[in-house]
Amino acid sequence: MLPRAEAKSYPSGPVQMVLPFSAGSGSDLLSRVFAEGLTAALGQPVIINNRAGAGGTIAAGAVAKADPDGQTLGVIGMGHLANQALYKNLPYDTIKDFAAISPLGTFPNLLIVPPGSTVKSVRQLIDLAKSKPGKLDYATAGVGSAAHINMQLLIAATGIEAEHIPMKGAGEIITEIASGRVDFAWAPVSAAVSMVQTGKVLALAISSKVRSALVPQVPTIAEAGFAAAECNVWVGLLAPAKTPESVITLLNGHIRKLSESPALKARLATAGAEPMPMSPSQFEALMRKDFVVLDRLMRKAI
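This one's a predicted model, so the numbers in the text were calculated from it and none came from an experiment.

Caption draft 1: How the structure looks around the nonpolar core. The biggest cluster of nonpolar side chains holds 59 residues, and the ones touching the most others in it are Met17, Ile149, Trp234, Leu237 and Met287. Element by element, the count of residues in this core is highest for helix H11 (residues 280-301), at 7 residues. If sequence neighbours within four positions are ignored, leucine 237 has contacts with Met17, Leu38, Leu73, Gly74, Val75, Ala99, Ala100, Ile101, Ser102, Leu104, Ile255 and Phe283. By size, the runner-up hydrophobic cluster in this structure holds 21 residues, among which are Leu111, Ile126, Ala129 and Ala147.

Caption draft 2: Structural view of helix H4 (residues 79-86). Of all 8 residues that make up H4, 6 are buried, and the element is covered over most of its length. Here H4 has its buried residues at Gly79, His80, Leu81, Ala82, Asn83 and Ala85. Residues of H4 that are buried make contact with helix H3 (57-65), strand E3 (72-77), strand E4 (98-106), helix H6 (146-158), strand E10 (234-240) and H11.

Caption draft 3: A look at the packing of H6 against H11. Here H6 crosses H11 at 75°, and the two axes come no closer than 10 Å. With respect to their mutual orientation, H6 and H11 come out roughly perpendicular. Between H6 and H11, the residues in contact are His148, Ile149, Gln152, Leu153 and Ala156 and Leu294, Leu297, Met298 and Ala301, respectively. Taken together, the residues of the contact of H6 with H11 break down into 7 nonpolar, 2 polar and no charged.

What counts, and at which threshold
Residues numbered from 1 in each chain as written. Predicted model: local features only at pLDDT ≥ 70, side-chain atom pairs only at ≥ 80, totals over all residues. Heavy atoms only, no water. Core = buried A, V, L, I, M, F, W, Y, C linked by side-chain atoms within 4.5 Å. Buried < 20%, exposed > 50% of the residue type's maximum accessible area, 1.4 Å probe, protein only. Helix = DSSP H or I, 4+ residues; strand = E, 2+ residues; numbered from the N terminus. Contact = heavy atoms within 4.5 Å. Axes fitted to C-alpha atoms, helices over the stretch in contact; angles between N-to-C directions. Parallel < 35°, antiparallel > 145°, perpendicular 65-115°, else oblique. Nonpolar A, V, L, I, M, F, W, Y, C, P; charged D, E, K, R; others polar.

Okay, structure coming up:
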């Protein structure tokens, strides 16, 4: 741990929070809410640095190479844990080169189809896909994205075959579903909820364990009969490996306190998200567990 005087000096200036997400995405919004709270708690600005691209490896690489002093932090999605299976010669180790701080929050995906689709349930979608192997198509934000991971879980659970169409992000996915040019997709609640509420896309299920207050009529994927496709999508905060334990503990404590704030919970709820506080050791255990699952899942998918 840092000596007492050094610990009190943290942070020594603005803190950079490197994100692998594009500005305006649900994960970006979640990160910015916590960055605002940490700015107030730390007494120094926490500056968002969006470095999207290459499945999050650009952002993760920048964090892994940063000085381990807590002045550079990184936000990751679940795709971070899939990248070792997807990219050869990553310039960092997915687990060992980072220090876990805490998850920031979790938000579910909606399984959506065009409004004019004859499919009105997950069972009907699976039956249709099985009757036409490889003929239906699905969209994701790219291999290793949360939507792609969620879809691979559904494919593994059901044995369906369908054509993958990678897209730039949730906005494009939802537009293509609404137009009927793509048959089905998983999309974040935060991005899809208004289109569901106005009938421009049809939601068949939600990926979480419980229904969302934003779309309470939509059953969980387990209620729809496919519990193995359940996906607890999370976003978390890391630091470079060897960051002092005192800094990790301090940041975790601030995040835990922010997670208990009614105001923060209300802001996240408008996007269908909720905080997910954990200790650093609990978060590291979660990452190691999900790494094993996602590494195996992605190696089968590619």
